[in-house]
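Residue-level structural notes
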Amino acid sequence: MLDVDGVVVNGRQEDGRSWATDIERDLGVAPDRLQAVFFAPHWADIVTGRKDLLDVLEACLPALSPTVTAQAFIDYWFERDSCVDEAILAECDELRRRGLRIFLATNQEHMRARHLMDRLALGKHVDGMVYSAQIAAQKPQQAFFDAAAMSSGSAPEDIVLVDDTKANVEAALEAGWQALHWSKGSSLLDLLENSQIGQAPSRPGG
């Protein structure tokens, strides 16, 4: 179970910085206002599927930048938050060849979850995705780990979470999973091999 943001996807293509780094220059949206008007009051509900991203943006954007549509904002966000670590995807392919199943386990709303799997083609490298809006719970809530285990069809002790957020790693361990803390620039294969967990025999025939 791989986290997405901070592990598989790391900000902007050109420099890895936050997708919102230049949002005031490009869209006229002040980051502090975006936090106060959109993220702080609404994001927890959006990312757990209780509110719709487009609907909330359509309600919030007039107070942030009257000329920017909700879809234009989303397009800007998703396009810039898209620096995929191809080395990790190659390691996912190798682990799957060895017989492991790989899932993405991530806090996402529905639109970006589809964007990650289809537009960024992460779906070609994993066996599925478990995301917060889909199961109405987010990491590090216990309910996320319970639902993710059920969705994968695996026993908790057979699941390994790789995540860059220590609170999520700790919560996974409390849920009976195995868990590893990810640091930028790490190798997924090395991390698993050094920990001696998450190993699986090769499939018959290589």
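I will try to describe carefully the structure that is included in this document. Computed from a prediction, not measured in an experiment: that's the story for all the values here. (Residues numbered from 1 in each chain as written. Predicted model: local features only at pLDDT ≥ 70, side-chain atom pairs only at ≥ 80, totals over all residues. Heavy atoms only, no water.)

**Things to note about the nonpolar core**
- The biggest cluster of nonpolar side chains holds 29 residues, and the ones touching the most others in it are Leu 2, Val 8, Ile 88, Leu 104, Leu 122 and Leu 188.
- Of all elements in the fold, only α5 (86-97), α6 (110-119), β2 (128-131), β3 (160-163) and α10 (188-195) reach the threshold of two or more residues within this core.
- For this core, the element with the highest residue contribution is α5, accounting for 4 residues.
- In this structure Ile 88 touches Leu 2, Val 7, Val 8, Trp 182 and Leu 188, once residues within four positions along its chain are discounted.
- Counting 24 residues, the second-largest nonpolar core is a separate cluster that includes Leu 34, Leu 57, Leu 64 and Phe 78. (Core = buried A, V, L, I, M, F, W, Y, C linked by side-chain atoms within 4.5 Å. Buried < 20%, exposed > 50% of the residue type's maximum accessible area, 1.4 Å probe, protein only. Helix = DSSP H or I, 4+ residues; strand = E, 2+ residues; numbered from the N terminus. Contact = heavy atoms within 4.5 Å.)

**Focus on the side chain of Asp 3**
- Examined against the element boundaries, Asp 3 turns out to sit in the segment before α1 (23-27).
- Using a relative accessible area of 6% as the deciding quantity, one classes Asp 3 as buried.
- Within the structure, the side chain of Asp 3 is placed 2.9 Å from the side chain of Lys 139, a separation counted as a polar contact.
- Sequence-distant contacts of Asp 3, that is, excluding residues within four places in its chain, are made with Val 8, Ala 105, Thr 106, Lys 139, Val 162, Asp 163 and Asp 164. (Polar contact = N/O pair within 3.5 Å; in protein donor to acceptor, adjacent residues only side chain to side chain.)

**Some thoughts on helix α9 (residues 166-174)**
- Taken as a whole, α9 has its buried residues at Asn 168, Val 169, Ala 171 and Ala 172. Buried residues of α9, seen end-on, are gathered within an arc of 165 degrees and therefore sit on one face of the element. Across from the buried face of α9, at angles greater than 90 degrees, the exposed residues are Lys 166 and Glu 174.
- Gly 176 sits one or two positions beyond α9 and adopts a positive phi of about 90 degrees. (Arc of directions from axis to C-beta.)

Note that every value here comes from positions in space, so none of it alone points to a role or purpose.
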